[in-house]
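Descriptive structure summary
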Amino acid sequence: MTAPLTAEPPRTAPRTAPRTAPRGGPRRAARPGGSRPRGAGARRAPLLPALVFLIVVTQLPFVATLVISFMRWNALAPDDRGFGGLANYRDALADPALRSSLLTTVVLTSAVVLTSLLLGLGLALLLDRGFLGRGIVRTLLIAPFLVVPAASALLWKHALYNASYGLINGSLTWIWSLFGSDGAPQPDWMSGLPLVAVEVSLIWQWTPFMMLILLAGLQSRPPDIVEAAHVDGAGSWQVFRHLTFPHLRRYLELAALLGSIYVVQNFDAVFTLTSGGLGTANLPYTVYQTFYQAHDYGRASAEGVLVVICSMVIATFALRTVSSLFREEAL
């Protein structure tokens, strides 16, 4: 008698534990030799020539100027050349001409920037309104900023300020002739008001720059809020005081700081109009006098480093203002 046959249970594949992804996300396949992916390097490689060019053009001359500022180097005394330490900086800071030029630079920069801001704000408010020929007017108002600074200074010196054939004195003569008088005043503007003459030429040049920045700020203002304020009965002054001016605060700061950076370094107007005379010499012109007239290369380099430090302080505030403005726009 045989035992009954029983069916065998089906064979199943052995169970394996589920695979889990490693922490920190999926790993990239390792390259032969353990090298890293070349994506970041490939993206940065095209920028390398521009970076090298920027370092050669800007940083190497500044490093050379910094080295020379610690040396005794006067072309009139070629035998007395060597390391001088901080002597050039002490002489520069103790020089009354440099302190006077520092005060002139502060006065010149403050007057030009503040007046340009006020005029630029007024022009931006006018151009923000719609009227016939606004594009032509905007182009004409931007034109002074596009003129080469040296050409702008020459224009003011000969075409406007000249006491014999300048447009200003010619206009005075014409106005006096309308009333039957031949005794029109003919002042010499550059001799009587030298610093004001430089300031007016720079204001004419930098007002369009302020206008462009403030006009961009006005056009980024939400129009529905202004319309709602008018519907609620707010007048033009109330809208400007409570809505427009707070919105333009960052743009006003940005325009003032950028304008200060450029006006502090201005050399063309002072050199062309007055040649630094009659109390109009600013810091860049004083550095020019020390280098090309006194031939003291070490002290001129020290003065140049001081000017760069002052410009970097202003630029730091400008960059902070720009970054805060971008953060507000992103929000």
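See the structure printed just above.
Presented here is an overview of the structure given in this document. (Residues numbered from 1 in each chain as written. Predicted model: local features only at pLDDT ≥ 70, side-chain atom pairs only at ≥ 80, totals over all residues. Heavy atoms only, no water.)

What about the pattern of salt bridges?
Defined as follows: The working definition used for a salt bridge is a side-chain nitrogen of Lys or Arg within 4 Å of a carboxyl oxygen of Asp or Glu. Numbering goes from the N terminus for both helices and strands, where a helix is a DSSP run of H or I of at least four residues and a strand is a run of E of at least two. To sort residues, take the accessible area from a 1.4 Å probe on protein chains only and compare it with the maximum for the residue type: under 20% means buried, over 50% means exposed, and anything in between is partly exposed.
Inspection of the entire model under this criterion finds five salt bridges. Across the pair Asp-128 and Arg-221 runs a salt bridge whose closest N-O atoms are separated by 3.1 Å. Taken as a pair, Asp-128 in the loop between helix H4 (96-127) and helix H5 (134-146) and Arg-221 in the loop between helix H9 (194-219) and helix H10 (223-231) lie far apart in primary sequence, 93 residues in all. For Asp-128, a relative accessible area of 25% corresponds to the partly exposed category.

A word on the nonpolar core
Here is the rule: Joining through side-chain atoms within 4.5 Å is the link that ties buried Ala, Val, Leu, Ile, Met, Phe, Trp, Tyr and Cys residues into a set, and such a set is a nonpolar core. Residues count as neighbours in contact if any of their non-hydrogen atoms are within 4.5 Å of one another.
Ranked by size, the top nonpolar core spans 38 residues in total, and within it Leu-117, Val-198, Leu-202, Leu-214 and Leu-273 carry the most contacts. Listed by contribution, the elements that provide at least two residues to this core are H4, helix H6 (149-160), H9, helix H11 (236-264) and helix H12 (268-273). It is H9 that contributes the most residues to this core, 12 residues altogether. In contact with Leu-273, other than residues within four places in its own chain, are Ala-153, Trp-156, Lys-157, Tyr-161, Met-190, Ala-197, Val-198 and Ser-201.

Some thoughts on the packing of aromatic side chains
Basically, it comes down to this: A pair of aromatic rings is counted whenever rings of Phe, Tyr or Trp (Trp by its six-membered ring) have centres within 6.5 Å, and the orientation is called stacked for planes under 30 degrees apart, edge-to-face for over 60 and tilted otherwise.
Scanning the model with the defined rule gives 19 aromatic pairs in all. Look at Trp-206 and Phe-209: their rings are 5.4 Å apart centre to centre, the planes differ by 85°, and that puts the pair in the edge-to-face class. Remark: Phe-209 and Trp-206 occur in helix H9; sequence separation between them is three residues, near one turn of the helix. The same class applies to Trp-206 and to Phe-209, which are both buried. Of the aromatic side chains, those joined through ring pairs into one cluster are Trp-73, Phe-267, Phe-271, Tyr-285, Tyr-288, Phe-291, Tyr-292 and Tyr-297.

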